[in-house]
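Letter by letter, the chains look like this.
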Amino acid sequence: MITSILPTYSRAPLTFVSGTGSWLVEQDGRRFLDLGAGIAVNALGHANPALVEALTEQAGALWHVSNLYNIPAQQKLADALVANTFADTVFFTNSGTEACELAVKMARKYWYDKGTPERSEIITFSGSFHGRSSAGIAAAGSEKMTKGFGPLLPGFTHLEFGDHDALRAAVSDQTAAIMVEPIQGEGGIRPLPDVCLKGLRDLCDEHGILLILDEVQCGMGRTGKLFAHEWAGITPDIMMVAKGIGGGFPLGAVLATENAASGMTAGTHGSTYGGNPLACAVGAKVMEIIADDAFLAEVNRKAALMRQKLEGLVAAYPDVFESVRGSGLMLGLKCKATNTDVVKAGYGQGVLTVPAADNVVRLLPALNIADEDIAEAVLRLDAAAAQLAGGHA
Ligand SMILES: *Cc1c(COP(=O)(O)O)cnc(C)c1O
């Protein structure tokens, strides 16, 4: 008999009932160090007092009015995003995949309004992830996500990640946009080198193509800059944001230049909940905390500390781990053992990690994880690795 919750997830037998900072409490009382952070969502830890206050204050005043009216918290968050990024304008969504939907619509409308509606192709890359909506799965294109769900939204050209020649050959007068994650998350913490991101920007400029960056996972301070593309010194035309921006409250956004957004006039797009007062009150507080040089400097310092400890772990267990990859606090342990065995062994030691493709274990802790929690987490990972190396998994 089917379970009352649609069985699309295979869940670990863990039930968390409360959390503080980087710690979660299981219903049986066990404490877990959370290096998954709800898949890069709880960017400021669990029950962050500043976020709890922002949410409860808004909850006591007003929950929802719809986008038929002005929403001060939404305005505040949009202004902060515009002030701190390449963007001139922002549309709020409830999730990353809704941001993908709008990014695709915006790019196509741009060329339609320029009088070239045939320019609708969007180039994407293998190993990418853009969410589970119809546009999201068509964009990523992997069989794992698309099989059985056809006919798929047409107009996506899928290229091998890193194949520069194929990319140059694929660009044509039908190419509307290139969509890419600066660091693939679900794909296994695979960073696009800065030089490639620069190359993509140049290619787009050469052909007038729109560059869409999916920073749903790697954005919002995760790599030690507010957004990952800043490391490469380039800017996109359109950017998808979600996960960390709500600190645990469902919130996403599409950021765009005035030029790229020029087709999106009144009535062309909408969302009932997008930009809701509760979500934006929290998002505005998250932005206030993360878009701060001193905070980001701390992320970089913690990231260096964590990376150094992880390199030690890899060196100590060469049969379990192969290497550390990633940037900032978006880190991956490329495994020799099976990644899901490493994650499970972590459960036994009270540390939560997240598997990804390419046999990688993801470490995406809260950006404000305490130094002693980093040390404790790596001790627990060490114990998990020792168990696997001893063959007792
Ligand atoms: C998680 C993710 C998405 C989808 O976000 P949802 O909020 O789950 O819809 C899209 N792109 C990337 C890079 C992601 O990591």
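In what follows, the structure referred to is the one given above.
First things first, this report covers the structure right here in the doc. (Residues numbered from 1 in each chain as written. Predicted model: local features only at pLDDT ≥ 70, side-chain atom pairs only at ≥ 80, totals over all residues. Heavy atoms only, no water.)

1. Details of the site of the ligand
Lining the immediate surroundings of the ligand are S95, G96, T97, F129, H130, G131, E181, D214, V216, Q217 and K243. A distance of 3.1 Å separates a nitrogen atom of the ligand from a polar atom in the backbone of F129. At 2.7 Å, a side-chain N or O of D214 approaches a nitrogen atom of the ligand. Burial of the ligand by the protein amounts to 83% of the accessible area it has alone, namely 380 Å². Split into classes, the residues belonging to the shell around the ligand amount to 2 nonpolar, 6 polar and 3 charged. (Near = heavy atom within 4 Å. Polar contact = N/O pair within 3.5 Å; in protein donor to acceptor, adjacent residues only side chain to side chain. Areas by Shrake-Rupley, 256 points an atom, 1.4 Å probe, with all protein chains shown as cover. Nonpolar A, V, L, I, M, F, W, Y, C, P; charged D, E, K, R; others polar.)

2. Here's the deal with the sheet that holds strand β12 (residues 252-256)
An order of β4-β12-β11-β10-β7-β5-β6 is seen for the 7 strands of this open sheet, with the pairing classed as mixed. A single partner strand is all that each edge strand has here, and the edge strands are β4 (89-93) and β6 (156-159). Here the strands of the sheet are splayed against their neighbours by 20° on average, with no regard to which way each runs. Summarising the sheet, β4 and β12 pair through 5 bridges and their orientation is antiparallel. (Pairing = 2+ DSSP bridges. Helix = DSSP H or I, 4+ residues; strand = E, 2+ residues; numbered from the N terminus. Axes fitted to C-alpha atoms, helices over the stretch in contact; angles between N-to-C directions.)

3. What to know about the packing of helix α2 (residues 49-61) against helix α9 (residues 277-290)
Across the interface, α2 lies against α9 with an axial gap of 9 Å and an inter-helix angle of 150°. In terms of their interaxial angle, α2 and α9 are classed as roughly antiparallel. In this structure, α2 meets α9 at a crossing whose hand is right-handed. Of the residues in α9, those in contact with A50, L51, A54, L55, Q58 and A59 of α2 are P277, L278, A281, V282, K285, V286 and I289. Its residues assigned to classes, the contact of α2 with α9 shows 11 nonpolar, 1 polar and 1 charged. (Parallel < 35°, antiparallel > 145°, perpendicular 65-115°, else oblique. Left-handed = near helix turned anticlockwise from the far one by under 90°. Contact = heavy atoms within 4.5 Å.)

4. Here we look at the pairing of strand β1 (residues 16-20)
Strand direction decides the pairing type here: β1 and strand β2 (residues 23-26), joined by 4 bridges, are antiparallel. Residue pairing for β2: T20 is matched across the bridge by W23. From the end of β1 to the start of β2, which pair antiparallel, there are 2 residues, and G21 there has a positive phi angle of about 55°.

5. Focus: the packing of helix α3 (residues 72-84) against α9
Packing of α3 against α9 leaves a shortest axis separation of 8 Å and a crossing angle of 35°. Of the two possible hands of crossing, α3 and α9 adopt the one that is left-handed. Along the contact surface, α3 presents A73, Q74, K76, L77, A80, L81 and N84, while α9 presents P277, C280, A281, G283, A284, M287 and E288. Broken down by class, the residue content of the contact of α3 with α9 amounts to 9 nonpolar, 3 polar and 2 charged.

6. Topic: the packing of aromatic side chains
Tallied over the entire structure, the rule returns 2 aromatic pairs. Between F16 and F32, the ring centres sit 5.3 Å apart and the planes meet at 80°, which makes this aromatic pair edge-to-face. Of the two residues, F16 sits in strand β1 while F32 sits in strand β3 (residues 31-34), which places them 16 residues apart along the sequence. The class of F32 is buried, set by a relative accessible area of 1%. Measuring from centroid to centroid gives 4.8 Å for Y110 and W111, while their planes differ by 90°, and the two rings are edge-to-face. You can call Y110 buried: its relative accessible area is 6%. (Phe/Tyr/Trp six-rings, centres within 6.5 Å; stacked < 30°, edge-to-face > 60°. Buried < 20%, exposed > 50% of the residue type's maximum accessible area, 1.4 Å probe, protein only.)

7. Some remarks on the pattern of salt bridges
Taken as a whole and assessed by the stated rule, the structure comprises 14 salt bridges. The salt bridge involving D113 is made with K109; its shortest N-O contact spans 3.2 Å. Remark: K109 and D113 occur in helix α4 (residues 96-113); sequence separation between them is 4 residues, near one turn of the helix. Among the residues examined, D113 registers a relative accessible area of 43% and is labelled partly exposed. Overall, K109 belongs to the partly exposed group, its relative accessible area being 23%. Between K285 and E288 there is a salt bridge; the shortest N-O distance is 3.3 Å. Of this pair, K285 and E288 both sit in helix α9, 3 residues apart, which is roughly one turn of that helix. (Salt bridge = Lys/Arg side-chain N within 4 Å of Asp/Glu carboxyl O.)

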